[in-house]
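Below, each chain spelled out in residue letters.
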Amino acid sequence: MRKKLLLLVTGLMVIFVLAACGSKSQGDVVKELTGKLDDLSGYKVNAKMTLKMGSDSQIYNVEIWHKDPTFYRVNLKNAQKDQSQMILRNNQGVFVLTPALNKSFRFQSDWPQNSSQAYLYESLIKDIVADKSAKFSTTKQYYVFETKTRYQNNTMLPFQEIKLNKSDLSPAVVKVMDPDRNALVTVEFSKVKFNASFDKDDFDMKKNMTRAQLNLPAMADGGDDAFTVMYPTMELKGTKLIEEKEVALEDGKRVVLTYDGKKSFTLVQEKVTAKTASTNPTYVEGDIVDLGMTIGAVSDHSISWSHNGVDYMIASKSLTKEELIEVAASVQGEAVK
């Protein structure tokens, strides 16, 4: 009897040892990720990005191309509307293209190195490596990390949960969360192709603008000059809307909202008929910032972006850069004064 018991205990110990040998520690996975990043020549990825804004959600289809070391092409298309925006980085700089408005902007920026990017694989790995206090767990299919983010407005989105497929360490799901750990941005990855090949002009600004415009529907020319005025849903204590002024333009309409108080600012919204695309993009002072629903440009005293065919700009001498980003990201409400 004792012999049988001893054999049973020994067998169980062997099973536990083998199971322990088969599982990877957080350090093992981080080491593998670092090695994978070093060997990666590029990738092509498709993803679905869901943005939760109050009780509503917007869904974007995202196509991500990266060619090592610094070429990027990120195409974001609203799944419900025929609207798209593209971020492009090549040897000439960083560009943001808005095909429906025939607009292209050029930045002198180190994007995407200066911030977290939930849809860029190497950015996720850098976030994992950088956060020494990151939480780690495993499921049958995934390695799961919870890390801090490096967003410029990281008080709004300080945490993220990153799920990686155990089979090849490819990204599966990323959830970017608010301080209460509610997921406000969810990115679900599909069709991940590592070490992908690219054509010579895949990252050329003019070629990408032309291709994007060829795929636009016939009505994507600016349409009716009328548009719905949007208001910030973020409340700044002691700041209120004191004036709303509408200005008729030769080719559209402009609305100027003036907010007064300790944190005063002016919000300008303008819709004009799309013009013929210029071969030279407009140079923009400032840094690229991800506002969730679109890409913007932020400087010390202003932030500008385009969304749903409307141009927006906030100017303020009393808002910090982080506050400019937070107010801009909240400009989603209708008739809330």
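All values derive from a computational prediction rather than experimental measurement.

1. Quick look at the overall build of the protein
For the protein, the count of helices and strands is five helices and 21 strands. Among the 337 residues that make up the protein, the fraction classed as buried is 45%. Relative to all contacts within the protein whose residues are 6 or more apart in sequence, the contacts with residues 24 or more apart total 51%. Put simply, the protein shows about 17800 Å² of open surface, and 52% of that area lies on carbon and sulfur atoms.

2. Focus on the pairing of strand 5 (residues 93-98)
With six of its six residues buried, strand 5 lies for the most part within the structure. Sheet analysis places strand 4 (residues 84-90) next to strand 5, joined by five bridges and oriented antiparallel. Across the sheet, residue Met86 finds its bridge partner in strand 5, namely Leu97. Alignment of strand 5 against strand 6 (residues 103-107), held across five bridges, turns out to be antiparallel. Looking across to strand 6, one finds that Phe95 is bridged to Arg106. Between the antiparallel neighbours strand 5 and strand 6 lie four residues, among them Asn102 with a positive phi of about 55 degrees.

3. Considerations on helix 3 (residues 121-130)
Most of helix 3 is tucked away: seven of the 10 residues are buried. Among the residues of helix 3, those classed as buried are Tyr121, Glu122, Ser123, Leu124, Ile125, Asp127 and Ile128.

4. Thoughts on the sheet that holds strand 15 (residues 265-272)
Spatial ordering of the open sheet is given by 13-14-15-20-19-18-17, a layout of seven strands whose pairing is antiparallel. Each having just a single partner strand, strand 13 (240-249) and strand 17 (287-290) make up the two edges of the open sheet. Pairwise comparison of adjacent strand axes, ignoring direction, gives a mean angle of 20 degrees for this sheet. Direction of pairing for strand 13 relative to strand 14 (residues 252-260): antiparallel, over a ladder of nine bridges. Bridging from a neighbouring strand, Glu243 pairs with Thr258 of strand 14. Contacts between helix 5 (residues 321-329) and the sheet are confined to strand 15, strand 17, strand 18 (295-298), strand 19 (302-307) and strand 20 (310-315), with strand 19 contributing the most and set at about 25 degrees to the helix.

5. Details of the sheet that holds strand 5
An order of 7-8-9-10-11-1-2-3-4-5-6-16 is seen for the 12 strands of this open sheet, with the pairing classed as mixed. The outermost strands of the open sheet, each flanked by one partner alone, are strand 7 (135-138) and strand 16 (282-283). In this sheet, strand 16 lies alongside strand 6 in parallel orientation, the contact comprising two bridges. Residue Phe105 lies in a different strand from strand 16, and its bridge partner there is Thr282.

6. Remarks on the packing of helix 2 (residues 26-39) against helix 3
What describes two packed helices is the angle between their axes and the distance between those same axes. It is at 10 Å that the axes of helix 2 and helix 3 come closest, and there the two elements cross at 145 degrees. Helix 3 is crossed by helix 2, and the crossing has left-handed handedness. Every residue of helix 3 that contacts helix 2 at Val30, Leu33, Thr34, Lys36 and Leu37 is listed here: Tyr121, Glu122, Ile125, Ile128 and Val129. Split by residue class, the contact of helix 2 with helix 3 holds seven nonpolar, one polar and two charged.

7. Side note on the packing of aromatic side chains
Tallied over the full model, the rule gives 10 aromatic pairs. Grouped by ring-pair contacts, the aromatic residues Trp65, Phe71, Phe198 and Phe203 constitute a single cluster. Taking NZ or CZ as reference, Lys44 lies 4.6 Å from the ring centre of Trp65, over its face. Lying across the ring of Phe227, Lys253 places its NZ or CZ 4.9 Å from the centre.

8. Quick word on the environment of Phe136
Looking at the secondary structure, you find Phe136 in strand 7. Linking Phe136 and Gly27, residues 109 residues apart in sequence, is a C-alpha distance of 9.7 Å. Not counting residues within four places of it along the chain, the set of residues in contact with Phe136 comprises Lys24, Ser25, Gln26, Val29, Tyr143, Val144 and Phe145.

9. Here we look at the side chain of Gln58
Following the sequence through the fold, Gln58 ends up in strand 2 (residues 56-67). For Gln58, a relative accessible area of 16% translates into the label buried. At 2.9 Å, the side chain of Gln58 and the side chain of Tyr60 are in polar contact. In this view, Gln58 contacts Met49, Thr50, Leu51, Met53, Asn78 and His307; residues no more than four positions away in its chain are not counted.

10. Brief notes about the nonpolar core
Membership of the largest hydrophobic core comes to 69 residues, with the highest contact counts inside it found for Tyr119, Ile303, Trp305 and Ile314. When neighbours within four sequence positions are excluded, Ile303 is seen to be in contact with Val289, Leu291, Ala297, Val298, Tyr312, Met313, Ile314, Leu324, Ile325 and Ala328. By size, the runner-up hydrophobic cluster in this structure holds 11 residues, among which are Met86, Ala196, Phe203 and Met209.

11. Some words on the pairing of strand 19
Here strand 18 pairs with strand 19 via three bridges, running antiparallel. The residue bridging Ala297 from the neighbouring strand is Ser304, located in strand 19. The antiparallel pairing of strand 18 with strand 19 creates a hairpin that spans three residues between the two strands. For strand 19 and strand 20, the ladder comprises six bridges, and the chain directions are antiparallel. Directly across from His307, in strand 20, lies its bridge partner Val310.

Calculation criteria
Residues numbered from 1 in each chain as written. Predicted model: local features only at pLDDT ≥ 70, side-chain atom pairs only at ≥ 80, totals over all residues. Heavy atoms only, no water. Helix = DSSP H or I, 4+ residues; strand = E, 2+ residues; numbered from the N terminus. Buried < 20%, exposed > 50% of the residue type's maximum accessible area, 1.4 Å probe, protein only. Contact = heavy atoms within 4.5 Å. Areas by Shrake-Rupley, 256 points an atom, 1.4 Å probe, with all protein chains shown as cover. Pairing = 2+ DSSP bridges. Axes fitted to C-alpha atoms, helices over the stretch in contact; angles between N-to-C directions. Left-handed = near helix turned anticlockwise from the far one by under 90°. Nonpolar A, V, L, I, M, F, W, Y, C, P; charged D, E, K, R; others polar. Phe/Tyr/Trp six-rings, centres within 6.5 Å; stacked < 30°, edge-to-face > 60°. Lys NZ or Arg CZ within 6 Å of the ring centre and 35° of its normal. Polar contact = N/O pair within 3.5 Å; in protein donor to acceptor, adjacent residues only side chain to side chain. Core = buried A, V, L, I, M, F, W, Y, C linked by side-chain atoms within 4.5 Å.

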